[in-house]
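Residue-level structure breakdown
Here is how the chains run, residue by residue.
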Amino acid sequence: MGVPKRKPSRSAQRKRRASNSVLNLPQLSVCPQCAAPFVPHRVCPACGHYKGRQVVNIEAY
Amino acid sequence: MRHLKRNAKLGRKGAHRNAMLANMVCSLIKHKRVTTTLAKAKAVRPVVEKMVTLGKKGTIHHRRLAVSRLHQEDAVQILFSEIAPQHQDRPGGYTRIIKLMDRRGDAAQMAIIEFVEEGDAVVASSDEGAAKAEAAPAKTDTEVAPDADEAKAEAAEDVPAAEADADAADKGSSEGQEKKDA
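On a predicted model such as this, the values are computed, not experimentally measured, just so you know. (Residues numbered from 1 in each chain as written. Chains lettered and ligands numbered in written order. Predicted model: local features only at pLDDT ≥ 70, side-chain atom pairs only at ≥ 80, totals over all residues. Heavy atoms only, no water.)

Right, let's talk about the nonpolar core for a bit. All names here are of chain B. Counting 30 residues, the largest nonpolar core has Val-25, Ile-29 and Leu-70 as the members making the most contacts within it. Secondary-structure elements contributing two or more residues to this core are α1 (14-31), α2 (38-57), α3 (60-70), α4 (73-86) and β3 (110-115). When sequence neighbours within four positions are dropped, the list of residues in contact with Ile-29 reads Leu-70, Ala-75, Ile-78, Leu-79, Ile-83 and Phe-115. (Core = buried A, V, L, I, M, F, W, Y, C linked by side-chain atoms within 4.5 Å. Buried < 20%, exposed > 50% of the residue type's maximum accessible area, 1.4 Å probe, protein only. Helix = DSSP H or I, 4+ residues; strand = E, 2+ residues; numbered from the N terminus. Contact = heavy atoms within 4.5 Å.)

Structure (structure tokens):
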């Protein structure tokens, strides 16, 4: 069986862990109704509008 | 082989799943709108559409077919007397699924499923409910739309809060703000 010839250096180990643990911010748009950032194709969590329509009453939640 | 079997299993056996879907259809019929996970909403939609189609045919035979699927005669009564007539001219597509933000806790994708003809009425009634429950704050919510300046002022308040949430998930706060500014 193939076996690693060398133990990975601390640098290589850290580089692997760093690049595999990056958290990405979701792509955000600006709500045309209230100008708050929101995720596209979702109801705006700030004002409850979607496609120009009041879908959810935020105060009721 | 499990080829071309597209229905979501939803972690249940067939009988359990069918019972749950029937209950969800009945809830949707009674309340006109249901907030659930996206997967369940998508699974319920074909069942609802078939029930509305039965309702549009409207004979005693079709009513019995609907009862045999849904097991709730009161819901079938509402379906045949109220919902089916509203959708008489609509050739399918009676429901609408609107995606919501992910659920806090398990990050499940959430969605609203509602009848196309009833959607605005549900929002209006929830507005009334909120107005009764908390008279002052609910009113400000409805006034946001016409008053642009007020909307921007409120948005400015909302932005730092949203960023704080996003930063909690992000490693560096400065990184998060840069992306949002860009």
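We are not done yet, so read on.
Residues and elements named next belong to chain B. Relative to each other, α1 and α2 sit at 70°, their axes nearing to 9 Å. Judged by the inter-axis angle, α1 sits roughly perpendicular to α2. On α2, the residues touching Met-20, Leu-21, Met-24, Val-25 and Leu-28 of α1 are Lys-40, Ala-43, Val-44, Val-47, Val-48 and Met-51. Tallied by class, residues from the contact of α1 with α2 come to 10 nonpolar, no polar and 1 charged. (Axes fitted to C-alpha atoms, helices over the stretch in contact; angles between N-to-C directions. Parallel < 35°, antiparallel > 145°, perpendicular 65-115°, else oblique. Nonpolar A, V, L, I, M, F, W, Y, C, P; charged D, E, K, R; others polar.)

A few words on α4 of chain B. Structural remark: α-helix, 3.6 residues per turn; residues separated by three or four positions point the same way. All names here are of chain B. Over its 14 residues, α4 extends 19 Å from the first C-alpha to the last, a length consistent with the 20 Å expected when each residue adds 1.5 Å. At Leu-79, α4 shows its largest kink, close to 40°. Where α4 is buried, its residues touch α1, α2, α3 and β3. (Expected span 1.5 Å × (residues − 1). Bend = angle between axes of the 7 residues up to and from the residue.)

Let's shift gears to the side chain of Glu-114 of chain B. Residues and elements named next belong to chain B. Positionally, Glu-114 belongs in strand β3. Relative accessible area serves as the criterion here: at 0%, Glu-114 is assigned to the buried category. At a separation of 2.7 Å, a polar atom in the side chain of Glu-114 contacts the side chain of Arg-33. (Polar contact = N/O pair within 3.5 Å; in protein donor to acceptor, adjacent residues only side chain to side chain.)

So, on to the confidence of the model for chain B. Residue and element names in this part refer to chain B. When pLDDT is averaged across chain B, the result is 77; 66% of the residues are at 70 or more. When mean pLDDT is taken per element in chain B, α3 scores highest with 96 and helix α8 (residues 173-181) scores lowest with 40. Under a pLDDT of 50 for its full length, residues 132-182 has, in the predicted model, 43 contacts with residues more than four places off or in other chains. This complex was scored by the predictor with a pTM of 0.68 and an ipTM of 0.75. (pLDDT = per-residue confidence, 0-100.)

Moving on, we come to the environment of Glu-49 of chain B. Residues and elements named next belong to chain B. Relative to the assigned elements, Glu-49 resides in helix α2. Exposure remark for Glu-49: the relative accessible area of 14% places this residue in the buried category. Distance in space between the C-alpha atoms of Glu-49 and Gly-93 is 7.1 Å, their sequence separation being 44 residues. Other than its neighbours up to four places away in sequence, Glu-49 contacts Gly-92, Gly-93, Tyr-94 and Thr-95. Within the structure, the side chain of Glu-49 is placed 2.8 Å from the side chain of Thr-95, a separation counted as a polar contact.

With that settled, consider the confidence of the model for chain A. Here chain A averages 87 in pLDDT, while 93% of its residues score no lower than 70. Within chain A, strand β4 (residues 53-54) of chain A has the poorest average pLDDT of any element, 78, and helix α1 (residues 10-19) of chain A the best, 95.

What follows deals with α1 of chain B. All names here are of chain B. Under the 1.5 Å per step criterion, the end-to-end length of α1 is 25 Å for 18 residues, consistent within 8% with the ideal 26 Å. Those residues of α1 that sit buried are Arg-17, Met-20, Leu-21, Ala-22, Met-24, Val-25, Cys-26, Leu-28 and Ile-29. Residues of α1 that are buried make contact with β1 (33-37), α2, α3, α4, β2 (95-99) and β3. Trailing α1 by a residue or two, Lys-32 shows a phi angle of about 70°, which is positive.

With that out of the way, let us pick up the pattern of salt bridges. Residues and elements named next belong to chain B. The tally for this structure, following the rule as stated, stands at 6 salt bridges over all chains. Measuring nitrogen to oxygen at the nearest pair gives 2.7 Å for the salt bridge that ties Arg-33 to Glu-114. Highlighted residues: Arg-33 in strand β1 and Glu-114 in strand β3, separated in sequence by 81 residues. Assigned by exposure class, Arg-33 and Glu-114 land together as buried. The shortest N-O distance in the salt bridge between Arg-96 and Glu-114 comes to 2.8 Å. Residue Arg-96 is found in strand β2, and its partner Glu-114 is found in strand β3; the two are separated by 18 residues along the sequence. In this structure Arg-96 comes out as partly exposed when scored by relative accessible area, which is 28%. (Salt bridge = Lys/Arg side-chain N within 4 Å of Asp/Glu carboxyl O.)

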